[in-house]
Every structure is written in structure tokens, then in C-alpha cells.
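# Tertiary structure, described
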Amino acid sequence: MKKMFVILGCFVILFTACGKDENNNEEQAKAKDIQIENVQKTGKNVDITSASVTDRFFYKFETYTPAQKYYFCAAFAMGAMSVAKPVTASAMVNYFMGLGVAKYNEGINEETYKAFNAGKNTFRNENLVNTILNRKICENIMNEAADFARERNYHVADLDKRGKREVEKVVKFIKQKKK
């Protein structure tokens, strides 16, 4: 059991450490990609390149599907918990991932991983983290998912079991991105 907590703890550290070498040019490129994507969706040219990080976040977050929003928030919650209580965070990894599969019938794939990755990288911007926390964006999404599990009588062990497969997928995506 102790070994499992150590492995999960390492996994959480891996989540929070991945992607920290991205630079400002990449963020600007992402903002332009969002702008192009939204031009395609709405037919309107919206200039968000000069917007604050927080504004860009909310603009992008609104384009996410419910499953993407959940996985963003799952990564955000795990990151927040790993700072406060690493042991609790490592114990919750499988649960959070399994809960996403249960509620949205969608696991980690290319699209949900992008949102998950954004959630774990959010901690690079203190103002954005504080805004998400103050507005209770992820708190509300995670509470809604927990209520769903409670109403449907999902057992923690079942959600953990589902989540293990999703954690393995996340690890594969992380390894692919590093190549």
C-alpha cells in the first residue's frame, strides 16, 4: 500500500512538472491558434492576442466541451491538492479520472488531454489560479461530478478502477509529447 502512495505521489509530481519549459512565444502562438479556431467557428475575427492571460483562459475555456472542462478541472484540482496535501492528491488521481469517465462517458483522448494539460499548467500564472479559485469555476464542476457519483451510487473502488486506465493514457500522452 505504501508503495502505491509513493508511485501515485511521483505521478502527481510528474503532472505538475511536465511542460514547464514552454516559453512566451508558445503562449502567443496558442492565442493565435485560438483566434484562428474561433474565426472558423464564428466567422468573426476576434483579437485576443493583446488580452490578459485570464481573459484568454476564459475565452478558450468557453469553447471546451463539458468533458474537457471536467478534465481541465480535475488536473487543476490535483495540482492544487498536491501543493496542500500531496498524499491526498495522489490518492485522488484515479478517483478523479474515473469520475470523468463515469459522468461524461469520455476518457482521456487527444481533445480531453489538451484540456487536462492546460489544467495542470495553469499554476504558472498566479492571477489565473486565484481567479479560478475565487470564481469557484473548478470547485463547482468537481462538486457537480461528485454529486453525480453519489446520486448514481458509484463506489469509490469502481471509480478508482476506471481511473487507472485513464491515468495510463495520460502517462502515454505525456511521454509522446516529450519526444
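Small disclaimer: the values here were computed from a predicted structure and weren't measured.

## Quick notes on the pattern of salt bridges
- What the rule picks out here adds up to four salt bridges.
- Residue lysine 103 pairs with glutamate 144 through a salt bridge whose shortest N-O separation is 3.6 Å. Highlighted residues: lysine 103 in helix α5 (residues 86-104) and glutamate 144 in helix α8 (residues 137-151), separated in sequence by 41 residues.
- Residue glutamate 144 is classed as partly exposed on the basis of its relative accessible area of 46%.
- Salt-bridge contacts for aspartate 147 lead to arginine 150; the nearest nitrogen and oxygen are separated by 2.4 Å. Placement of both aspartate 147 and arginine 150 in helix α8 is noted, with a separation of three residues, approximately one turn of the helix.

## What about the nonpolar core?
- Core analysis: the biggest nonpolar cluster contains 44 residues, and Tyr70, Phe72 and Phe96 have the highest contact counts within it.
- At the level of secondary structure, the elements contributing two or more residues to this core comprise α3 (53-61), α4 (66-84), α5, α6 (110-121), α7 (126-134), α8 and α9 (156-178).
- Per-element accounting of this core gives the leading share, 11 residues, to α4.
- Not counting chain neighbours up to four residues away, the residues in contact with phenylalanine 72 comprise Phe57, Phe61, Tyr64, Ala115, Phe116, Ala118, Gly119, Thr122, Ile132 and Cys138.

## Things to note about α6
- The end-to-end C-alpha distance of α6, which contains 12 residues, comes to 17 Å, matching closely the 16 Å that a straight helix rising 1.5 Å per residue would cover.
- Thr112, Tyr113, Ala115, Phe116, Asn117, Gly119, Lys120 and Asn121 are the residues of α6 that are buried.
- Residue asparagine 109 occupies the N-cap position of α6, its side-chain oxygen lying 3.0 Å from the main-chain nitrogen of glutamate 111.

## Re the packing of aromatic side chains
- Inspection of every chain in the model, using the stated rule, returns 14 aromatic pairs.
- Pairing phenylalanine 61 with tyrosine 64 gives two aromatic rings, centres 5.7 Å apart and planes at 65°, and the pair type is edge-to-face. When sorted by exposure, phenylalanine 61 lands in the same class as tyrosine 64, which is buried.
- Site record: aromatic cluster; members linked through ring pairs are Phe57, Phe58, Phe61, Tyr64, Phe72, Phe76 and Phe123.

## Quick word on the side chain of threonine 122
- Tracing the sequence through the fold places threonine 122 in the loop between α6 and α7.
- Assessed through its relative accessible area of 4%, threonine 122 is described here as buried.
- Polar side-chain contacts of threonine 122 include one of 3.3 Å to the backbone oxygen of glycine 119.
- Dropping the residues within four chain positions of it, threonine 122 is found in contact with Phe72, Phe76, Leu128, Val129 and Ile132.

## Points about unusual backbone geometry
- For asparagine 105, which is not a glycine, the phi torsion comes out positive at approximately 50°.
- Mapped onto the fold, asparagine 105 is located in the loop between α5 and α6.
- Although it is not a glycine, asparagine 153 adopts a positive phi angle of roughly 60°.
- One can find asparagine 153 in the loop between α8 and α9.

## Describing the side chain of glutamate 166
- Assignment of secondary structure puts glutamate 166 in helix α9.
- Judged by its relative accessible area of 5%, glutamate 166 is buried.
- When neighbours within four sequence positions are excluded, glutamate 166 is seen to be in contact with Met97, Val101, Gly107 and Ile108.

Cut-offs used in this document
- Going along each chain's sequence as written, the residues are numbered from 1 onward.
- Only residues with pLDDT of at least 70 are given local features in this predicted model, and only at 80 or more are side-chain atom pairs given and counted; all residues enter the totals for whole chains, interfaces and linings.
- Computation of side-chain values covers all heavy atoms of the structure but excludes hydrogens and water.
- Throughout this description, the term salt bridge denotes a Lys or Arg side-chain nitrogen within 4 Å of a carboxyl oxygen of Asp or Glu.
- Strands here mean DSSP runs of E at least two residues long; helices mean DSSP runs of H or I at least four residues long; both are numbered from the N terminus.
- Any residue under 20% of the maximum accessible area for its type is buried, any over 50% is exposed, and the rest in between are partly exposed; the area is computed with a 1.4 Å probe on protein chains only.
- We define a nonpolar core as any set of buried Ala, Val, Leu, Ile, Met, Phe, Trp, Tyr and Cys residues linked to one another through side-chain atoms lying within 4.5 Å.
- Residue contacts are defined here by distance: any two heavy atoms, one from each residue, within 4.5 Å place the two residues in contact.
- For a helix, the expected span equals 1.5 Å multiplied by the number of residues minus one.
- For the purposes of these results, a polar contact is taken to be a pair of N or O atoms within 3.5 Å, where, inside protein, one atom must be able to donate a hydrogen and its partner to accept one; residues adjacent in sequence count only when each atom of the pair is a side-chain atom.
- A pair of aromatic rings is counted whenever rings of Phe, Tyr or Trp (Trp by its six-membered ring) have centres within 6.5 Å, and the orientation is called stacked for planes under 30 degrees apart, edge-to-face for over 60 and tilted otherwise.

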